[in-house]
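One-letter residues, chain by chain:
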Amino acid sequence: MSANLIHMLIDATWQTLYMVAVAAIIGAVIGLPIGVFLACSQRGELLSAPLVNRVLGIVVNATRSVPFIILVVAIIPFTRMVAGTSIGTTAAIVPLTIAAIPFIARLIENAIREVDAGLIEAARAMGATPLQIIRKVLIPEALPGITLGMTLAVVSLIGYSAMVGAVGGEGLGDLGIRYGYQRFMPDVMAMVVIILIVLVQLVQTIGEWIARRVDKRAPRNRGA
Amino acid sequence: MQRETSAGAAILFDDVGKTYPQKGAGSVMALEGISLEVPAGAITGIIGRSGAGKSTLMRMVNGLEKPTSGRITVGGRDVGAAHGAALREIRREVGMIFQHFNLLSSRTVLENVALPMEIAGVPRGQIRTRASDLVARVGLEKLANRYPAELSGGQKQRVGIARALATEPKVLLSDEATSALDPETTQTVLKLLADINRDLGLTVLLITHEMAVVRDIASHMAVIDGGRIVEAGETYDIFTTPQHPTTRSFLSGVTGVTLPRFIAEQMVTERPEGPAREVIRITFLGDKATDPLLAQMSAALGLDVNILAGAIEEIGPRPFGNLLISVPADRGAEARSYLETHQQRTEVLGYVR
């Protein structure tokens, strides 16, 4: 494999990491409040707003049911508005983020629903406001679940990022398609796949390690 | 009469009712016509079976549930009418402990105790010292930096108690706080509650389905059944002269004075023809509980007295005895009048041949 190709692989890896990292961070920042709201806004819950909950749920489901490759093409005008251009790696972050938000929101909603209702009751009995309950009880208690959810989201985003070549986004997936497939370079394809496998393994391992660190529910270091 | 005594009440239920709307039509009654004074500075126990409504009753004290009729006042403030900031203000003056502890698994013992103060906006430095003091108060200073998952049930409930005291409440609610604990741990937790009540002059309202809990620490009690209070008053009076069948059935489990089965099975309520024996329950009160009264009666009346079951117990510092005896049926009235002239309460349970 030529030095040139190795250089391209390194570049593509960085581009993939860049797209996934930015999309995951923005997705989490926007997805977290949506997820919290979805978890707390059914009738009779902390922020009871059943109608808004319903509408938001439908929007989230609709976004999640559009295949990613179609989403990428469908929101090109929006991408141009946000990123100034509709092609390139930075532009590709827009559809990735749009796909990440509802996904992360649902994962966070699930993690928060797992929190024991007794804790919410205890906090209410202390005179906590709904916002205090969310900040001091729900999010800290759901953190192990949120961490695992974010790990899953990042792994999925690495997969999605392979499709953004369709709008001129670069990265490992794009490199694999253009060189490995279209130019019949099986060694490039093999390298791309290996790097992706290593990336996913790394993300999963780090995610699980953090989740274990923040999880205080089981006694630690017993007999270990 | 209610006006006069309500000054000493920390919590006042005034004709409180609660119904839940049901799917379709109608509603389910959970509580009805509840009027109760919870005296300030005392420990009051509410006892009832599961589903009797006791939990709903307690949750109305800090506004976790709203009454559908009537009024609940805590320290003179109407809880049912309070909303938002006013309600949260009342809640900070009412601590609560729970059957399943409800501690945050993500926080250490110290941090759990700090939570109510963080919520109330107490300055950081103050939180730190007060939380440490409280953790020491419940005897957990060595475990201050452990997480709840590393503690036993009794230790968790101690954390719960320390947390409930964090905002210096005037009232402490205990929702089946010892029901998930073994008997020995129950005793230590109850003792802690009694100590706190004595040292801080805190009003304690506890609900339980165990009569022993009420006997051990509550000076006042109420019995709730089917959403109504069937009996209320001082624990001593209710234990010694229970009026309602529900109270009696709770008591039979704790006082250890049930008839042996071979007698209970052949006992009849009407006096049969021919020779028979009358079964009498005697309740020995106060100082007389330790007098050898039966021996004296036997000698004075020349009666043969058969003791079927009995026990002497203490409620607070006051002893009382419960004794089941049988005497010849034709001399039953004579025996009862002898006992009553000696200030004992008697009750005819039935007759056996």
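Residues numbered from 1 in each chain as written. Chains lettered and ligands numbered in written order. Predicted model: local features only at pLDDT ≥ 70, side-chain atom pairs only at ≥ 80, totals over all residues. Heavy atoms only, no water.

Caption draft 1: The arrangement of the overall build of chain A in detail. When helices and strands are tallied, chain A shows nine helices and zero strands. When the helices and strands of chain A are listed from N to C terminus, the series reads α-α-α-α-α-α-α-α-α. When its C-alpha atoms are laid out on the principal axes, chain A stretches across 65 × 55 × 25 Å. Across the 224 residues in chain A, those meeting the buried criterion constitute 44%. Taking as baseline every contact in chain A between residues at least 6 positions apart, the subset at least 24 positions apart corresponds to 72%. As presented, chain A carries roughly 11500 Å² of accessible surface, and 67% of it is formed by carbon and sulfur atoms. (Helix = DSSP H or I, 4+ residues; strand = E, 2+ residues; numbered from the N terminus. Buried < 20%, exposed > 50% of the residue type's maximum accessible area, 1.4 Å probe, protein only. Contact = heavy atoms within 4.5 Å. Areas by Shrake-Rupley, 256 points an atom, 1.4 Å probe, with all protein chains shown as cover.)

Caption draft 2: Region of the structure containing the domain arrangement of chain B. All names here are of chain B. Splitting chain B by domain gives domain 1 (2–252) and domain 2 (257–352). Placing a centre on the C-alpha atoms of domain 1 and another on those of domain 2 gives a separation of 38 Å. Between domain 1 and domain 2, roughly 970 Å² of surface is buried when both sides are summed, and carbon and sulfur atoms account for 56% of that area. Of all residues in domain 1, the largest losses of buried area upon contact with domain 2 belong to Arg215, Tyr236 and Thr240, amounting jointly to 60% of the total for that side. At the boundary of domain 1 with domain 2, the tally comes to one salt bridge. Between Arg248 and Glu347 there is a salt bridge whose closest N-O contact spans 3.7 Å. Between the two partners, domain 1 and domain 2, sit one residue pair in polar contact (both at pLDDT 80 or more). When residues of the side of domain 1 that touches domain 2 are traced back to their parent elements, those giving at least two are α9 (235–240) and α10 (245–254). Here the side of domain 1 that touches domain 2 is composed, by residue class, of two nonpolar, four polar and three charged. (Domains from an automatic or database assignment. Buried area = accessible area lost by both parts, 1.4 Å probe. Salt bridge = Lys/Arg side-chain N within 4 Å of Asp/Glu carboxyl O. Polar contact = N/O pair within 3.5 Å; in protein donor to acceptor, adjacent residues only side chain to side chain. Nonpolar A, V, L, I, M, F, W, Y, C, P; charged D, E, K, R; others polar.)

Caption draft 3: Summary view of the UniProt feature "domain: ABC transmembrane type-1" (unreviewed entry) in chain A. In the numbering used here, UniProt assigns the feature "domain: ABC transmembrane type-1" (unreviewed entry) to residues 13–204 of chain A. The span residues 13–204 of chain A carries 80% helix and 0% strand; its end-to-end C-alpha distance comes to 17 Å. (UniProt positions renumbered as here; feature names shortened; annotations may be inferred.)

Caption draft 4: Structural context of the pattern of salt bridges. Residue and element names in this part refer to chain B. In the structure shown here, the tally under the stated rule is 28 salt bridges over all chains. We note a salt bridge from Asp195 to Arg198, for which the minimum N-O separation is 3.5 Å. With Asp195 and Arg198 both in helix α7 (residues 183–200), this residue pair falls three residues apart, about one helical turn. Since its relative accessible area comes to 17%, Asp195 is described here as buried. Take Arg198: its relative accessible area is 58%, and that puts it in the exposed class. Among the ionic pairs, Asp216 bridges to Arg215, the shortest N-O distance being 3.2 Å. Overall, Asp216 belongs to the partly exposed group, its relative accessible area being 31%.

Caption draft 5: Representation of the packing of helix α1 (residues 3–40) of chain A against helix α7 (residues 130–161) of chain A. Residue and element names in this part refer to chain A. Where α1 contacts α7, the two axes come as close as 9 Å, and the packing angle between them is 140°. By the angle between their axes, α1 is oblique relative to α7. The element α1 and its partner α7 pack so that their crossing is right-handed. Contacts from Thr16, Met19, Val20, Ala23, Ala24, Ala28, Leu32, Val36 and Cys40 in α1 reach Ile134, Leu138, Ile139, Ile146, Met150, Val154, Leu157, Ile158 and Ser161 in α7. Classifying every residue of the contact of α1 with α7 gives 16 nonpolar, two polar and no charged. (Axes fitted to C-alpha atoms, helices over the stretch in contact; angles between N-to-C directions. Parallel < 35°, antiparallel > 145°, perpendicular 65-115°, else oblique. Left-handed = near helix turned anticlockwise from the far one by under 90°.)

Caption draft 6: Local environment of the packing of aromatic side chains. Residue and element names in this part refer to chain A. Scanning all chains against the criterion turns up one aromatic pair over all chains. Ring centres of Phe68 and Tyr160 lie 4.6 Å apart, and the angle between their planes is 5°; on these two criteria the pair is classed as stacked. Taken together, the positions of Phe68 in helix α3 (residues 68–74) and Tyr160 in helix α7 put the pair 92 residues apart, joining distant regions of the chain. When its relative accessible area of 31% is taken as the criterion, Tyr160 is described as partly exposed. (Phe/Tyr/Trp six-rings, centres within 6.5 Å; stacked < 30°, edge-to-face > 60°.)

Caption draft 7: Spatial organisation of the UniProt feature "transmembrane region" (unreviewed entry) in chain A. Residue and element names in this part refer to chain A. UniProt's feature table lists "transmembrane region" (unreviewed entry) at residues 17–39, 51–76, 82–105, 142–168 and 188–211, given in the numbering used throughout. Taken end to end, residues 17–39 comprises 100% helix and 0% strand; its first and last C-alpha atoms sit 30 Å apart. The annotated region residues 188–211 carries 100% helix and 0% strand content, and the separation between its end C-alpha atoms amounts to 34 Å.

Caption draft 8: Fine view of the sheet that holds strand β13 (residues 318–328) of chain B. Residues and elements named next belong to chain B. Across the sheet, four strands lie side by side as β12-β13-β11-β14; this open sheet has antiparallel pairing. Taken across any chain shown, the strands that pair with only one partner, and hence form the sheet edges, are β12 (306–315) and β14 (345–352). Sheet twist, expressed as the average angle between the axes of neighbouring strands with direction ignored, equals 15°. Docked against the sheet, helix α12 (residues 293–301) engages β11 (277–285), β12 and β13, running at close to 30° with respect to β13. Lying over the sheet, helix α13 (residues 332–341) contacts β11, β13 and β14, oriented at roughly 5° with respect to β11. (Pairing = 2+ DSSP bridges.)

Caption draft 9: Spotlight on the packing of helix α4 (residues 76–83) of chain A against helix α5 (residues 89–113) of chain A. Residue and element names in this part refer to chain A. Their axes nearest at 9 Å, the elements α4 and α5 cross at an angle of 120°. Comparing the axis directions of α4 and α5 gives the class oblique. Between α4 and α5 lies a crossing of right-handed hand. Listed contacts from α5 to Phe78, Thr79, Val82 and Ala83 of α4 are Ala91, Val94, Pro95 and Ile98. In terms of residue class, the contact of α4 with α5 is made up of seven nonpolar, one polar and no charged.

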